[in-house]
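Residue strings, one per chain:
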Amino acid sequence: DQWVLRGGEPSFQVADSVATDSNGNVSTLSRVTQVQEINELNGLFRMPVRFEVHYKDGTFDPLEVWIENQETVVKLPNEKKKEILYVLFDPGRKVLKKVDFPQPMARRMAQASHAAEMIDRYDALVLLRDVPLGLKSNFLAERFDAERFHLVKNEILKQLANDSGSAAVLVKGKALTDSDALVRKGALLSLGVIPGHYRETVEKMLYDSSFINVELSLELLCISFPDRIPGYLEETRDMEGWRGKNIRMKWLEIAIMTGQEDYLEELKNYCTPRYEFETRINAFLLLKRIGYRDDLTMRYAREAEKHWNRKLSGAAREYLNEK
């Protein structure tokens, strides 16, 4: 009823503090405010939410509370007056929601290091995006070595993308040879122009198990080392890739843009109904990128614009409307 039959989702602002009463009892107070727009479709949400206060001695106190009012104050006693390491609101993301829960950098780092569930460590890393590189590079490098899941590792790579320090260089080198293809992809995306000390490593990725990584490697190598383009094109001449001939399309783009315009005929042929829709989509989008059109490609595009597959018709329309 709340998430499906009505509109929107809950949006919470959370703030915590430490309170001591007149008897010297210490508690952690979490103030939770529902800040989503309230209208005829979207009202206040009612749900149980778990809180966890983690302490520096490795213990934690859990508490599950029903959140149903616009503002709720949750009180979690700290009988032994332990020092807080970090606080979790809905650990493991059980509730579909938006959350604004500002925390000091030390708590974010502690959560990123010690939270049991991957998604809580990831959320803490996301909160470090606004922290200057000088304050987090070494920490991120340590977390990269400790983590296994690609989502977390790729968040670290994104934050280190513009860092040329020794810690970041080491992390990117490890990521390029990671066992997970998605981490290797994240490493390529974090590089932009490939520094010379990574060239040989990326060249080996022209034979990566992931066709996407092969395409990315080919493109980045040709951008970074233009004098080596003929060699890279020769090395990948017979590769097609996966759906839509992704490697071949990138190969044709590089070949045509470096003066080998005789390959235009092959590219134009991929626009025809002889090929499945993903190849045709990639062909139209490539023709658009290189700014090429003639009577034949325009005719192919007008025919594809009427196709029942909306992705194909959309790509054809996008090519026709290019000015």
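Residues numbered from 1 in each chain as written. Predicted model: local features only at pLDDT ≥ 70, side-chain atom pairs only at ≥ 80, totals over all residues. Heavy atoms only, no water.

Structural notes on unusual backbone geometry
Working step 1: The backbone of K81 shows a phi angle near 55 degrees, a positive value even though the residue is not glycine.
Working step 2: Inspection of the secondary structure puts K81 in the loop between β5 (71-77) and β6 (84-89).
Working step 3: Judged by its relative accessible area of 55%, K81 is exposed.
Working step 4: Phi angles above zero are rare outside glycine, and R93 is one such case at about 50 degrees.
Working step 5: You can see R93 is positioned in the loop between β6 and β7 (98-100).
Working step 6: In this structure R93 comes out as partly exposed when scored by relative accessible area, which is 42%. (Helix = DSSP H or I, 4+ residues; strand = E, 2+ residues; numbered from the N terminus. Buried < 20%, exposed > 50% of the residue type's maximum accessible area, 1.4 Å probe, protein only.)

Section: the pairing of strand β1 (residues 11-20)
Working step 1: Relative to β7, β1 is paired through three bridges, and the arrangement is parallel. Within the sheet, the bridge partner assigned to S11 lies in β7 and is K98.
Working step 2: Here β1 runs beside strand β2 (residues 26-34); their pairing, made up of nine bridges, is antiparallel. The residue bridging V14 from the neighbouring strand is V32, located in β2.
Working step 3: Between β1 and β2, which follow one another and run antiparallel, lie five residues, and G24 among them has a positive phi close to 85 degrees. (Pairing = 2+ DSSP bridges.)

Remarks on the packing of aromatic side chains
Working step 1: Taken as a whole and judged by the stated rule, the model has six aromatic pairs.
Working step 2: Plain terms: the ring middles of Y270 and Y275 are 5.0 Å apart, the flat faces sit at 85 degrees to each other, and that makes the pair edge-to-face.
Working step 3: Accessibility expressed as a relative area gives 26% for Y275, which makes it partly exposed.
Working step 4: Ring pairing ties together the aromatic residues F12, F51 and F89, which thus form one cluster.
Working step 5: When the ring centre of F45 is taken as reference, the NZ or CZ atom of R6 above it lies at 5.7 Å.
Working step 6: Stacked on the ring of Y319, the Lys or Arg R293 has its end atom at 5.3 Å from the ring centre. (Phe/Tyr/Trp six-rings, centres within 6.5 Å; stacked < 30°, edge-to-face > 60°. Lys NZ or Arg CZ within 6 Å of the ring centre and 35° of its normal.)

Brief notes about the nonpolar core
Working step 1: The biggest cluster of nonpolar side chains holds 65 residues, and the ones touching the most others in it are L125, L176, I194, V202, L267 and F284.
Working step 2: Setting aside anything within four residues of it in sequence, one finds L267 in contact with M249, L252, I256, A283, L286, L287 and I290. (Core = buried A, V, L, I, M, F, W, Y, C linked by side-chain atoms within 4.5 Å. Contact = heavy atoms within 4.5 Å.)

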